[in-house]
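Observations on chain architecture
Spelled out from the first residue to the last, the chains are:
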Amino acid sequence: MSELSPKERLYWLMELLIRKEIETSKFCDEFYQTYEHDLNEDLSDIEKTLFMEISHKGSRFSEFHEDHLQYPGVYVTDLDIRSLVLDSWTKLKGR
């Protein structure tokens, strides 16, 4: 099997998260790295918008309840990321 392109990897990571086959923190790290540093392909307008939002929110993910208490509104939760990815997946696949 050939290696995935960065764009294919973003979709693959989203699938893994939806199927609960990757930890949210690992997903966020991998998605951010792929989107911000590895991506060199053209994206559709909707891909640009949704991938940028996932990358941005993923960079603010914290699994620690204390972070959310100490800095309300700064960090996003596991549920926030999962909801965003599922909603984005629906939009991307429903076009």
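Residues numbered from 1 in each chain as written. Predicted model: local features only at pLDDT ≥ 70, side-chain atom pairs only at ≥ 80, totals over all residues. Heavy atoms only, no water.

**Some words on the nonpolar core**
Stated formally: Throughout, nonpolar core names a set of buried Ala, Val, Leu, Ile, Met, Phe, Trp, Tyr and Cys residues whose side chains join them through atoms within 4.5 Å. Under the scheme applied here, a residue whose accessible area is under 20% of the maximum for its type counts as buried, over 50% as exposed, and between as partly exposed, the area being computed with a 1.4 Å probe on protein chains only. Only DSSP runs of H or I with at least four residues qualify as helices, and only runs of E with at least two residues qualify as strands; both kinds are numbered from the N terminus onward. Only heavy atoms enter the contact rule, under which two residues are in contact if any of them lie within 4.5 Å.
By size, the foremost hydrophobic cluster in this structure holds 22 residues, and its most contacted members are Met14, Phe27, Phe31, Phe51, Ile54, Ile81 and Val85. Residue assignment for this core shows that the elements contributing at least two residues are helix H1 (6-18), helix H2 (24-38), helix H3 (45-58) and helix H5 (78-93). Ranked by the residues each element gives to this core, the list is headed by H1, at 6 residues. With residues up to four places along the chain from it excluded, the contact list for Met14 reads Phe27, Phe31, Phe51, Ile54, Val85, Ser88, Trp89 and Leu92.

**Remarks on the pattern of salt bridges**
Spelled out, the test is: Just to be clear on terms, a salt bridge is a Lys or Arg side-chain nitrogen sitting within 4 Å of an Asp or Glu carboxyl oxygen.
Applying the stated criterion to the full structure yields 8 salt bridges. Among the ionic pairs, Glu30 bridges to Arg9, the shortest N-O distance being 2.3 Å. Taken together, the residues Glu30 in helix H2 and Arg9 in helix H1 connect sequence positions 21 residues apart. By relative accessible area, Glu30 is classed as partly exposed at 22%. For the salt bridge of Arg19 with Glu21, the shortest nitrogen-to-oxygen distance reads 3.0 Å. Taking relative accessible area as the criterion, Arg19 reaches 45% and is therefore assigned partly exposed. Overall, the relative accessible area of 49% leaves Glu21 in the partly exposed class. A single salt-bridge network, built from bridges that share partners, covers Arg9, Lys26 and Glu30.

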